[in-house]
Amino acid sequence: MQPFEYGACTTQGARNYQEDSALIWPGGDAMLPASLTADGREPEMVAVLADGMGGHAGGALASRMACEEFIKSVALLDGDVHDRLAAGLHAANDAIADKVSNNPLLNGMGSTLVGVIFKTEGVVWVSVGDSPLFLYRGGEIAVLNEDHSLAPELDRMVEQGRMTSEAARRDPRRHMLRSAVTGDDLDLVDFSGKPLRVEPGDYVILASDGVNSLEPTEIERIVAAYADDGADAVAKALIRAVEALRDPHQDNTTVVAVRRAPV
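Rules used in this analysis
Residues numbered from 1 in each chain as written. Predicted model: local features only at pLDDT ≥ 70, side-chain atom pairs only at ≥ 80, totals over all residues. Heavy atoms only, no water. Helix = DSSP H or I, 4+ residues; strand = E, 2+ residues; numbered from the N terminus. Expected span 1.5 Å × (residues − 1). Buried < 20%, exposed > 50% of the residue type's maximum accessible area, 1.4 Å probe, protein only. Contact = heavy atoms within 4.5 Å. Axes fitted to C-alpha atoms, helices over the stretch in contact; angles between N-to-C directions. Left-handed = near helix turned anticlockwise from the far one by under 90°. Nonpolar A, V, L, I, M, F, W, Y, C, P; charged D, E, K, R; others polar. Core = buried A, V, L, I, M, F, W, Y, C linked by side-chain atoms within 4.5 Å.

Looking now at helix α6 (residues 231–244). Taking 1.5 Å of rise per residue, the 14 residues of α6 would be expected to cover 20 Å, and the 20 Å separating its terminal C-alpha atoms lies within 8% of that figure. The set of residues buried in α6 consists of Ala231, Ala233, Val234, Ala235, Ala237, Leu238, Ile239, Ala241 and Val242. On the buried face of α6, the contacting elements are β1 (4–11), β10 (203–207), α5 (216–226) and β11 (253–260). Looking one or two places after α6, you find Arg246, whose phi comes out positive at around 50 degrees.

Here it is as structure tokens:
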């Protein structure tokens, strides 16, 4: 029996295109060989989410390729989970490099990536970019991974008194990425340490940065309200809340919510 259950939901927001992608294995449309299953392994689940960039066609292609190549690589390998995460990340990066090399018109395309392996002893992850990985526990939300946008740098300037909080919030550089999966060298990569145990009642949530339209307290409230209804209900409720804001500049938003399967 799969020890985890998941739910996924997405919205284009105010955009007329979708550059987010997400895949789950086993269970999602991972484009894997038909013969590839989890048989003979300790039960596990792999989830990956990518937020593309580089224009409509390029961003959508980059995020889809990143997810597919990551899942293929991680699912096909055995051994140390951190080595598998690294292999998945580099497979995604290499695939984009090859695509751009074969079609220079796609130069500049890329994506963020957050990939998680869920095992009975806990979860491990790798991330590049600004797609957040949340842990909901005991009514509170915490961000597990590093933010590779300029937002943390601007917030640090606020703490140092070099910028007002309002100026930092409105700064057009806030969403610029310091690291992304583009086929070039990866400047910043966040790897987790030892596996983080997922307790009953916990939710692990992968999201694209469009979810940041919601305040952390609102995310906490929504997850708490729908936690007992399951992962699918949580994912859909978060996306409904984003859409309800009717932000005229709302980015694409994708959410994958995961919890331990009820006994």
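Between α5 and α6, the shortest axis-to-axis distance is 9 Å and the interhelical angle comes to 140 degrees. Helix-helix and strand crossings are classified by hand; for α5 and α6 the assignment is right-handed. Counted together, Ile219, Ile222, Val223 and Tyr226 of α5 and Ala233, Val234, Ala237, Leu238, Arg240 and Ala241 of α6 form the full contact between these two elements. Per-class residue counts for the contact of α5 with α6 are 9 nonpolar, no polar and 1 charged.

Grouped together as the largest cluster of nonpolar side chains are 30 residues, with contacts concentrated most on Phe70, Met109, Leu113 and Val181. Of all the secondary structure elements, the ones that give two or more residues to this core are β2 (20–25), β3 (44–53), α1 (55–76), α2 (81–102), β5 (113–119) and β6 (122–128). If one sorts the elements of this core by residue count, α1 sits on top with 9 residues. Once you skip the residues sitting within four places of it in the chain, Val181 turns out to touch Leu89, Ala92, Asn93, Ile96, Gly110, Ser111, Leu113, Val128 and Leu186.

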